[in-house]
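Structure at a glance
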Amino acid sequence: MNKEFTAVGKRITQKDVVLKATGEAIFVPDVKLQGQLWGKILHSKYAHAKFTIDKTRALALPGVVCVITYEDTPKIPYCRSFRDMPMTASGQLQHSDEFILADKARFVGDPIAAVAAVDEKTAEAAIELLEADVKYEVLPFVIDPRDALKPGAPVIHDYSPNNNPVNSTPPPWLAIGDLEKGFAESDLVVEDNFYCSRQIQSHLETQSCCATVDSNNKITVYSPNQLAHPFRRELGKMFNHPVGKINVVTPYVGGSFGCRLSCHTEPICVMLALKTRKPVKLVNSKEEDFTTIDARTPHYLHAKLGLKKDGTLHAMELNVTTWGGGYVSRAMLAGGIMLIWGLGHYRCPNMNGSCKLAYTNTPLGGAMRGFGNPEVMWGIDQLMDRACVELGLDPVEMTLKNTKHAGETCNTGLPIESTYIDDCINEGAKAIGWKEKRGKNKGGTKTLKRGVGMSTMTHCSGAWPLLLEHSGAIIKFNEDGSANLIINPGSPGTHIYGSLSQVAAEVLGISVDDIYVVAGETEKTLFDLGSHASRSMYVTGHAVRIAAEEARKELLAYAAKMLAETPDDLDIKDGQVFVKANPGKKISVAKVSATAIYGARGDGHTISGKGCFVPHHNSPPTAAYFAEVEVDTETGVTKVLNFVSAVDCGKAINPMTVEGQCEGGVQQGLGYGLTEDYVFNPATGATATGNFTTYKIPGAPDMPLETKIIIIDKPDPKGPFGAKGVGEPGLVGIAPAIMNAIHDAVGVRVTDLPIKPEAILKALKEKASK
Amino acid sequence: MKKEILNFKVNGTPYEIEVEPQMTLNEVLREQLNLTGTKISCAEGECGACTVLVDGKPELSCSMLALAARDKDITTIEGLAKDGELHKIQKGFIEKGAIQCGFCSPGMMLMIKALLDENPNPTKEEITAYIAGNLCRCTGYVKIIDAAKAAAEA
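How each quantity is defined
Residues numbered from 1 in each chain as written. Chains lettered and ligands numbered in written order. Predicted model: local features only at pLDDT ≥ 70, side-chain atom pairs only at ≥ 80, totals over all residues. Heavy atoms only, no water. Helix = DSSP H or I, 4+ residues; strand = E, 2+ residues; numbered from the N terminus. Buried < 20%, exposed > 50% of the residue type's maximum accessible area, 1.4 Å probe, protein only. Areas by Shrake-Rupley, 256 points an atom, 1.4 Å probe, with all protein chains shown as cover. Contact = heavy atoms within 4.5 Å. Buried area = accessible area lost by both parts, 1.4 Å probe. Salt bridge = Lys/Arg side-chain N within 4 Å of Asp/Glu carboxyl O. Nonpolar A, V, L, I, M, F, W, Y, C, P; charged D, E, K, R; others polar. Phe/Tyr/Trp six-rings, centres within 6.5 Å; stacked < 30°, edge-to-face > 60°. Domains from an automatic or database assignment. Polar contact = N/O pair within 3.5 Å; in protein donor to acceptor, adjacent residues only side chain to side chain.

1. Description of the overall build of chain A
In terms of helices and strands, chain A carries 19 helices and 27 strands. Across the 770 residues of chain A, 65% fall into the buried class. Just so you have it, chain A exposes about 25,800 Å², and 52% of that area is on carbon and sulfur atoms.

2. Quick word on unusual backbone geometry
Residues and elements named next belong to chain A. Following Trp464, the chain continues into Pro465 via a peptide bond in cis, with omega recorded as 5°. Along the chain, Pro465 falls in the loop between strand S17 (448-458) and strand S18 (471-477). For the bond running from Leu753 to Pro754, omega is -10°, close enough to zero to count as cis. Relative to the elements of secondary structure, Pro754 occurs in the loop between helix H18 (734-746) and helix H19 (757-769).

3. Describing the interface of chain B and chain A
Chain B puts 43 residues into the contact, and the matching count from chain A is 54 residues. Interface area, chain B with chain A, both sides summed: about 3,700 Å², of which 57% is carbon and sulfur. For the pair chain B and chain A, the interface holds eight salt bridges. A:Lys121 is the salt-bridge partner of B:Glu27, the closest N and O atoms lying 3.0 Å from each other. Of all the secondary structure elements, the ones that give two or more residues to the side of chain B that touches chain A are helix H1 (25-32), helix H2 (88-96), helix H3 (105-118), helix H4 (124-130) and helix H5 (142-153) of chain B. Of all the elements, H2(B) adds the most residues to the side of chain B that touches chain A, at four residues. Tallied by class, the residues present in the side of chain B that touches chain A amount to 18 nonpolar, 13 polar and twelve charged.

4. Some points on the packing of aromatic side chains
All names here are of chain A. Counted under the stated rule, the structure contains 18 aromatic pairs over all chains. Ring geometry for Trp434 against Phe626: centres 5.7 Å apart, planes inclined by 80°, an arrangement best described as edge-to-face. With a gap of 192 residues between them, Trp434 in helix H13 (residues 434-437) and Phe626 in strand S25 (residues 622-632) connect regions that are remote in the sequence. By the burial criterion, Trp434 is buried, and Phe626 matches it. Taken together, a centroid distance of 5.2 Å and an interplanar angle of 70° make the contact between Tyr678 and Phe680 edge-to-face. The same class applies to Tyr678 and to Phe680, which are both buried.

5. Details of helix H1 (residues 15-22) of chain A
Every buried residue belonging to H1(A) is among A:Asp16, A:Val17, A:Lys20, A:Ala21 and A:Thr22, and all of these are buried. Where the residues of H1(A) are buried, they touch helix H14 (496-508) of chain A together with H2 and H3 of chain B. Positive backbone phi, approximately 85°, marks A:Gly23, located one or two places after H1(A).

6. Considering the domain arrangement of chain B
All names here are of chain B. What the domain assignment lists for chain B is domain 1 (4-79) and domain 2 (88-153). For domain 1 and domain 2, the distance between their C-alpha centroids amounts to 21 Å. Contacts between the two partners involve 17 residues from domain 1 and, on the opposite side, 14 residues from domain 2. Between domain 1 and domain 2, the buried area comes to about 1,200 Å², and carbon and sulfur atoms account for 69% of it. Scanning the region where domain 1 abuts domain 2 turns up zero salt bridges. Scanning the region where domain 1 abuts domain 2 turns up three residue pairs in polar contact (both at pLDDT 80 or more). When contributions to the side of domain 1 that touches domain 2 are tallied by element, the ones reaching two or more residues are strand S3 (51-54) and strand S4 (57-60). Looking at the side of domain 1 that touches domain 2, the element that brings in the most residues is S3, giving three residues. When grouped by side-chain class, the residues that make up the side of domain 1 that touches domain 2 number seven nonpolar, seven polar and three charged.

Shown next, in the form of structure tokens:
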């Protein structure tokens, strides 16, 4: 069947966008509850300290309703990024190693107390009083994970006396061959140490929460999270509260990028609501966000590649030290997943690696878009480029020799369902003008040197079989022939509601305009794991497809009765049910649906469908990235002139959305590569870059002069209508492509992110002195 | 603290309200007038999310005292559409896919309104320079610039 799509593949604007254009869309900081109090958090001043807090003066301040510290909390250890995301292979859960308020401060910014007051100013005044009334017993602290793993380092958690809660090794399908032999058989071995930096997600809506508890003890939490259902379960556990009495409401979310995989303000806000029995609102300042949230987990990576003379990869070893933070959260998975992306990308017969996770007295390592993939490719694709230069090969041709094809084992251990990475490479190279520009300083001058560089990647569509996977969806028809699509994948700005509406409309044969999404409340929706791992289109998309197919079946059965036909002889198009052999014989979906509900035929029911889906496959999105840069050899400053991302995300359900994801990925990847530099003060452990002035995300003038997104748009056999994931791929290879282009321009490279002008200048000087 | 009377217009409607002298325009708009379409992010003038128009000129509402708006005409995102008809900038943003999470969008659209009022046919470079102080983390600015051009041509 090669039916022309009516909704899939179209550049359709989702309904939400109109509300965002008018200011009507409500985000958590916009929520106002009757009689609400304001919450504020007191953060530790010290990186590692015991403390006692005298609440007397704060409590006496008029307008202060309650003050809480560790003593007031349930003392049930929890995991801010939700322990119940078991790694399906091992069954291991994430560690629960923190309390709602700290028993001991483990980083500068660790929440140690909180207040609720009648207004924000009073809450702030109470925090100032409390701050003066904390007695700290300052302990020795450790910032760098390599120091934290040395014998004699300060112990951050008693249960982990060596600060090393977890080590990871590659899964069996990636620990293959014989490394020693592989390197010995290689014609060229390249290796280096790389620093993969702490990148802050920098979503504009700060972490925030509103919580209320009613007289039936039902807790309602407004939270900008990405994983509402697992979050509800974690809340239930940390407060020992039945989950049926918790409703997590996720309104519009002002950007996520992985940060909202952890709860930050929510547990404290709920605690204040439980204590005061009043609604409480708690909104972080941007500085609190910068200094306390789970950012992209930083790593020290040692990467080593062995290659044959013809550029064939023969051995790869990756050893990672992961910078965990005061609690482990998502960092527990961060190093292991790096090994999976890194070892899983290219075809290579001899591979192995290791990862050590360290507790440190710093804010936490969490997840950010790509989760380990941008980090590991920063190292691997620089080494690939270096090997090309040393072997006298062209990176485009050499990369094509090492890419995996359909049927080979993917990073997840499953067979690759589809990959068009070679198309990405060829199309991208053509668009950037690779042949005309590589190694030619084309358009450059003596001091403004130009070059081109590339990188590639393989990612995932959901986390199967590594983590829990499961999404559900419901479709119900209204009597006007429209349908409600009831889902809860989260809505962090990815237009997923719109894309899922296109899937539903395609199956149902009605217009996307007639799909109304109901989402954002755990108590009204089926379980959905949420938005992470580029999964929503691939997994929830299938759940929506199944729900729509069920509803379609019910609709056709009812229409068949009305038309005195058999359901198999009917089809639906443009909101009309018609007889395939006699298209003139038809009835509108609206009439069928209305008759089913109001027809009083004695067989009344709402036409509906339910779909639950667990993918037992994982179709990898792939991509190739090409940068053209101009490097000022007098200042070391790099300007990205052109950037091309060519992405294989299967069938693009909405090409406009796919472009938007990838264009945004370029901004974040360019920031990761060139401008975003998170710095700790080594003397105190405090964040030295706690705002947008000192932590620079790219503005419009910092972007490439031209950004081109190429969508390969070839359907995958397993994705819904052929779609694969696309959220994270947008930024994975941006930084290494830029670095390789810089090397092409000026012949030097740096291995620490971000690429700073002073590091380029230093490298140029060293090169000149040789 | 002693409150003062503030007379100003917001989206064409005259207001006479009592405000504390240290309150910012952003706090008054969001908390007192419930105009939550104006966002707040960095609250220190670095990101542009709180941009509103004051007598037609873009201002950071987080860094402007409410009393400085005395006798002025304020335009917030809620005032951009007229009589149920979306403004051409809103239409441009919607049609070109320039809105993702939507948190920077109100400030960004008002910034572009100020630009188009000054310069009805800006080049890509002029748009890029004008929105330099408005951060967006989702779009890479590509479709925002497309939307501004589409609005200029509409």
